[in-house]
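The chain contents come next:
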Amino acid sequence: MKKYFIHTFGCQSNKSDSERIAGDYEARGYQPAKSWEDTDEVVVNTCAIRKSAEDRARAFVLKVVKHYKDKKLPKPKIIFTGCMLHHGKNKIMDMVVDIDEILPVNEVGFNQSAVRRDKKHAWIPISAGCNSFCTYCIVPYSRGREQSRSMEEIIKEVKDLVEKGYSEITLLGQNVNSWGLEKLGIGLRKMLMSQDEFTREMIPDNQSQYLKPKGTPPFVKLLREISKFPEIKIIRFLSSNPWDFHDELINEVVNNKKIDRYVHLPVQSGSNTVLERMNRGYTTQDYEKVANKLMKGDPNIVLGTDIIVGFPGETNEEFEETVEFAKRMNWQVGFVAMYSPRPGTAAFKLYKEEIPYKIRKNRWEILDKIINKDNLKTRPKVV
Ligand code: 5AD
Ligand code: SF4
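Student: When you look at the pairing of strand E4 (residues 77–82) in this model, what are you seeing that I'm missing?
Tutor: Along any regular strand, the residues point their side chains to alternate faces of the sheet. For E4, a buried count of five out of six residues is recorded, marking the element as mostly surrounded by other parts of the structure. In this fold, strand E3 (residues 41–46) hands off to helix H2 (residues 51–70), which returns the chain to E4; that crossover is right-handed. Pairing of E4 with strand E5 (residues 101–103) involves three bridges; the strand directions are parallel. In the sheet register, Thr81 faces E5, and the bridge partner there is Leu103. With respect to chirality, the unit in which E4 leads through helix H3 (residues 89–95) into the neighbouring parallel E5 is right-handed.

Student: It is not clear to me how the side chain of Arg360 should be interpreted in this structure. Could you clarify?
Tutor: One can find Arg360 in helix H13 (residues 357–372). As a buried residue without a salt bridge, Arg360 has its nearest oppositely charged side chain in Glu354, at a separation of 4.2 Å. Not counting residues up to four positions away in its chain, the partners in contact with Arg360 are Val309, Gly310, Met338, Tyr339, Glu354 and Ile355.

Student: It is not clear to me how helix H8 (residues 247–255) should be interpreted in this structure. Could you clarify?
Tutor: Three or four residues apart is the spacing at which side chains of an α-helix point the same way, because the helix has 3.6 residues per turn. The set of residues buried in H8 consists of Leu249, Ile250, Glu252, Val253 and Val254. Where H8 is buried, its residues contact helix H7 (218–227), strand E10 (234–238), strand E11 (262–264) and helix H10 (284–297).

Student: Mind showing me how you'd approach the site of ligand 2 here?
Tutor: Around ligand 2, the surrounding shell consists of Cys130, Ser132, Cys134, Tyr136, Cys137, Val139, Pro140, Gln174, Asn241, Trp243 and Arg280. In terms of residue class, the shell around ligand 2 is made up of seven nonpolar, three polar and one charged.

Student: Explanation requested: unusual backbone geometry in the structure shown.
Tutor: Across residues other than glycine, the phi torsion is negative in most instances, and most of the peptide bonds are trans. A cis geometry characterises the amide bond from Leu238 onward to Ser239, with omega recorded as -15°. The phi dihedral of Asn279 is positive, around 60°, even though this residue is not glycine. As for its placement among the helices and strands, Asn279 is situated in the loop between helix H9 (272–278) and H10. For Asn279, a relative accessible area of 2% puts it in the buried group. Even without being glycine, Asn330 reaches a positive phi, approximately 50°. Its relative accessible area of 17% is what places Asn330 among the buried residues.

Student: Mind showing me how you'd approach the sheet that holds strand E12 (residues 302–309) here?
Tutor: Strands belonging to one sheet form pairs held by backbone hydrogen bonds; the direction of such a pair is parallel or antiparallel. With respect to topology, three strands assemble into an open sheet ordered E11-E12-E13, the strand pairing being parallel. Each end of this open sheet is capped by a strand with a single partner; those strands are E11 and strand E13 (333–338). Across the sheet, the mean angle separating the axes of adjacent strands is 15° when strand polarity is ignored. As paired strands, E11 and E12 are joined by three bridges and run parallel to one another. From the neighbouring strand, Tyr262 faces E12, where its bridge partner is Val302.

Rules used in this analysis
- Residues numbered from 1 in each chain as written.
- Chains lettered and ligands numbered in written order.
- Predicted model: local features only at pLDDT ≥ 70, side-chain atom pairs only at ≥ 80, totals over all residues.
- Heavy atoms only, no water.
- Buried < 20%, exposed > 50% of the residue type's maximum accessible area, 1.4 Å probe, protein only.
- Helix = DSSP H or I, 4+ residues; strand = E, 2+ residues; numbered from the N terminus.
- Right-handed = clockwise from strand over helix to strand, strands pointing away.
- Pairing = 2+ DSSP bridges.
- Lys, Arg positive; Asp, Glu negative; His and termini not counted.
- Salt bridge = Lys/Arg side-chain N within 4 Å of Asp/Glu carboxyl O.
- Contact = heavy atoms within 4.5 Å.
- Near = heavy atom within 4 Å.
- Nonpolar A, V, L, I, M, F, W, Y, C, P; charged D, E, K, R; others polar.
- Axes fitted to C-alpha atoms, helices over the stretch in contact; angles between N-to-C directions.

Geometric descriptors of this kind do not, in isolation, establish any biological role.
Right, dumping it as structure tokens:
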């Protein structure tokens, strides 16, 4: 029997994709290899969010090739998938010469059955891609336009999971709250990015890419449908963005106790001028309103966030604003990242004022310490 091994970089979406890639292998009669050191095929599921993630994927391929060469064994077939495919097939093949095959991740599909390690908790992808225009982000280029999976398919997967004994699920999407909303902006991104004269004013608002829900937002309906299964005890979802955390969703989170009391809500910066350059489309005051409604609605609710430090042109004053915001928000956890310029993104084209590595690192250390260490003493506990 032939063996496969999947090495996964990056976020939960990638981990979930890898589970379905494994499902595809096993449907074709392959068995999982214990290690990449002894396998017939290696899938490298890549992340492109920062340059360092791309570097690690390339280093991994080199390590695999060297290992088989040193042992004088035939090299396994190396298959590249995930977000690094934004470079395009030809460029990827040039960048990492040892790749044998490219697997566009949308070819795996939502409905391929997954091979899950965990027996209690399961990831369920509910949407793929992203229609937003955050200037720093490569995801809309690597994962394409946002597509929602149908309610029927999602509920069918929940049913299957319940039958197998699962009780905890995490719904996954780049912008999970916009699930089921009508999407706009077809072809807009390509058109924009091909412009020679590209200005900040040309970038549309993130919110403008989704039609406002009439009545109850589809995502709230989905949460209610899933909650009807008595066997499902905990529901989580990732990632949310402030722009479609409508009051009805806030109320659902507050009142529906199956929804985990930890809510991940990335702010990205605590400075309104940086948020504007990032094109996030909200202010820190808007963010705080959503956060307060959640935490006042149920004092057991805690928030976590993602923050980028060293965005182009970030001044000391702007960084200080983020520091003050972090102290006030007292997040349960903060994933702090140093800005990494991603060729092809709007920020890469628009903002040339790069912050030196030393300063970015220093800001990272200060903020990480405040959120993930100092604030611990005064933080509410997760229940
Ligand atoms: N540089 C640094 N961090 C980034 N993120 C997204 N793009 C970049 C970038 N170019 C971070 C954001 C996002 C998380 C998944 O990764 O904080 O929420
Ligand atoms: Fe990137 Fe913004 Fe989409 Fe999140 S919402 S994936 S940060 S473009």
